[in-house]
Amino acid sequence: MDPAKAQRHIDRIGRFRILVMGRANAGKTTILQRVCNTTDNPEIFNGKGEKVDAAVVQGSLTRGHHNIEDELVFQSNPGFVFHDSCGFESGSVEQFDRMTKFVTDRAKTTQLDKRIHAIWFCIPLNESHRMVMAAERKFFDECDTGHVPVIVLLTKADTLSVEAVEKLMGQGMSVGDAMREAKMVEEKMLHECLQRVKGWLNEKSFPPKDYLSLTGMQQEGAECTPLLTCTANALKEEGLQQLLISTQQSNLELCMKFAIMK
């Protein structure tokens, strides 16, 4: 797609829209803050574009229940619009059906500025004993997202470092030795977690487009280039890739990477 044509495509769509999914406390808000380079909470707008009382919404977010139609926008990067799933992992058939309808409608709508362009599905590794629950399996078995790519994000991978140290100490190492040797064990554990998740989800009817583990997201200024690169690579339309890149003009590494690719 030539630059002029890509720019017209961007102008028609306006903003890059992402649905963020996963159980409560999976680190979703933290990831969005890092992508938008802020520590502030987002402004919330309802489906009509009206601003919603942040205190009311924040209480709902903490409980894992709110309206999936709500738009989350960070002042630091208004080029993104985020939607957060409604805690469907609680097992509610009604919530699951509402989420599925939202995905289907927003993937196919003729209103280009309302379409979702990517889905980030967060699975926290601090609950390694139940990484993939029934709700996640149901989503990948039953929800056809069409051309909208789903990327599974393994969040809170940093918690594996504690498990690695405890594992080594359990083998008789001192605290100091265990901390020095933990990195290699941590990497092995992360690889094993990733392979297990892939094994569970790749056999489903609608498997993810890609997988990515995220570390260091609790730190301000955390590196988000791998996440954005993974998302851009998953998009089929070059115009959408350009739209995503346009939200990250200050990210020289990302801009250069895709400039070279084109």
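These numbers come from a predicted model, not from an experiment.

The rules we used
- Residues numbered from 1 in each chain as written.
- Predicted model: local features only at pLDDT ≥ 70, side-chain atom pairs only at ≥ 80, totals over all residues.
- Heavy atoms only, no water.
- Buried < 20%, exposed > 50% of the residue type's maximum accessible area, 1.4 Å probe, protein only.
- Helix = DSSP H or I, 4+ residues; strand = E, 2+ residues; numbered from the N terminus.
- Pairing = 2+ DSSP bridges.
- Phe/Tyr/Trp six-rings, centres within 6.5 Å; stacked < 30°, edge-to-face > 60°.
- Salt bridge = Lys/Arg side-chain N within 4 Å of Asp/Glu carboxyl O.
- Expected span 1.5 Å × (residues − 1).
- Arc of directions from axis to C-beta.
- Contact = heavy atoms within 4.5 Å.
- Core = buried A, V, L, I, M, F, W, Y, C linked by side-chain atoms within 4.5 Å.
- Axes fitted to C-alpha atoms, helices over the stretch in contact; angles between N-to-C directions.
- Parallel < 35°, antiparallel > 145°, perpendicular 65-115°, else oblique.
- Left-handed = near helix turned anticlockwise from the far one by under 90°.
- Nonpolar A, V, L, I, M, F, W, Y, C, P; charged D, E, K, R; others polar.

Student: I tried to follow the pairing of strand β5 (residues 118-124) on my own but got confused; where do I start?
Tutor: The buried count for β5 comes to seven of seven residues, which makes it a mostly enclosed element. Burial of β5 is two-sided: the residues Ala118, Trp120, Cys122 and Pro124 facing one way and the residues Ile119, Phe121 and Ile123 facing the other way are all buried. Two strands pair when backbone bridges link them, and β5 and strand β6 (residues 150-155) are joined in this way by six bridges, in the parallel orientation. When the bridges of β6 are listed, Cys122 appears paired with Leu153.

Student: Explanation requested: the environment of Asn46 in the structure shown.
Tutor: Here Asn46 lies in the loop between β2 (43-45) and α3 (54-63). C-alpha separation for the pair Asn46 and Glu69, spaced 23 residues apart in sequence, amounts to 6.5 Å.

Student: Got a minute to help me understand the packing of aromatic side chains in this structure?
Tutor: Each pair of aromatic rings is reported with the distance of its centres and the angle of its planes. All told, the structure shown has seven aromatic pairs when counted by the stated rule. With 5.2 Å between their ring centres and 45° between their planes, Phe121 and Phe139 make a pair best called tilted. Of the two residues, Phe121 sits in strand β5 while Phe139 sits in helix α5 (residues 134-142), which places them 18 residues apart along the sequence. The exposure classification of Phe121 matches that of Phe139, with both residues buried.

Student: Could you clarify how one ought to interpret the pattern of salt bridges in this entry?
Tutor: A side chain with one charge may pair with a side chain of the opposite charge, provided their charged atoms come close. Across all of its chains, the model carries 12 salt bridges by this definition. Residue Lys204 pairs with Asp141 through a salt bridge whose shortest N-O separation is 3.7 Å. Of the two residues, Lys204 is situated in the loop between α7 (175-201) and β7 (210-213) and Asp141 in helix α5; the sequence distance between them amounts to 63 residues. Within the structure, one salt-bridge network assembled from shared partners comprises Arg15, Arg17, Glu71 and Lys114.

Student: Looking at this model, I keep getting lost on helix α6 (residues 159-170). Mind explaining?
Tutor: Working note: α-helix, 3.6 residues per turn, so residues spaced by three or four point in the same direction. Compared with the 16 Å implied by 1.5 Å per residue over 12 residues, the 17 Å span of α6 between its first and last C-alpha is a close match. For α6, the set of buried residues is Leu160, Ala164, Val165 and Leu168. Seen end-on, α6 carries its buried residues on one side only, within an arc spanning 145°. Within α6, the exposed residues directed more than 90 degrees away from the buried face are Glu166 and Gly170. For α6, the elements touching its buried residues are α7.

Student: How should unusual backbone geometry be read in this particular structure?
Tutor: What you tend to see is this: most non-glycine residues have negative phi, and most peptide bonds are trans. Even without being glycine, Asn25 reaches a positive phi, approximately 65°. Along the chain, Asn25 turns up in the loop between β1 (16-21) and α2 (28-35). Accessibility expressed as a relative area gives 63% for Asn25, which makes it exposed. Positive phi, normally seen in glycine, also occurs at Lys156, with a value near 55°. The residue Lys156 is located in the loop between β6 and α6 in this model.

Student: Hey, could you run me through the nonpolar core in this one?
Tutor: In summary, soluble globular proteins display a tendency toward joint burial of nonpolar side chains. By size, the foremost hydrophobic cluster in this structure holds 36 residues, and its most contacted members are Ile123, Phe139, Val152 and Val197. Mapped by element, the contributors of at least two residues to this core are β1, α4 (93-108), β5, α5, β6, α6 and α7. Among the elements that make up this core, the one with the highest residue count is α7 (eight residues). When neighbours within four sequence positions are excluded, Val197 is seen to be in contact with Ile123, Met131, Val132, Val152, Leu154 and Tyr211. Of all hydrophobic cores here, the second largest spans 33 residues; its members include Ile18, Ile31, Met217 and Leu228.

Student: Help me out: how do you make sense of the packing of α6 against α7 in this one?
Tutor: Helix-helix packing: each pair is described by the crossing angle between the helix axes and the interaxial distance. Running from N to C, α6 and α7 point in directions that differ by 120°, and their axes come no closer than 7 Å. One way to sum up the angle between α6 and α7 is to call them oblique. The chirality of how α6 crosses α7 is right-handed. Counting all contacts with α6, which are made through Leu160, Ser161, Glu163, Ala164, Val165, Lys167, Leu168 and Met169, the residues of α7 involved are Val175, Ala178, Met179, Glu181, Ala182, Val185, Glu186, Met189 and Leu190. Looking at side-chain class alone, the contact of α6 with α7 contains 12 nonpolar, one polar and four charged residues.

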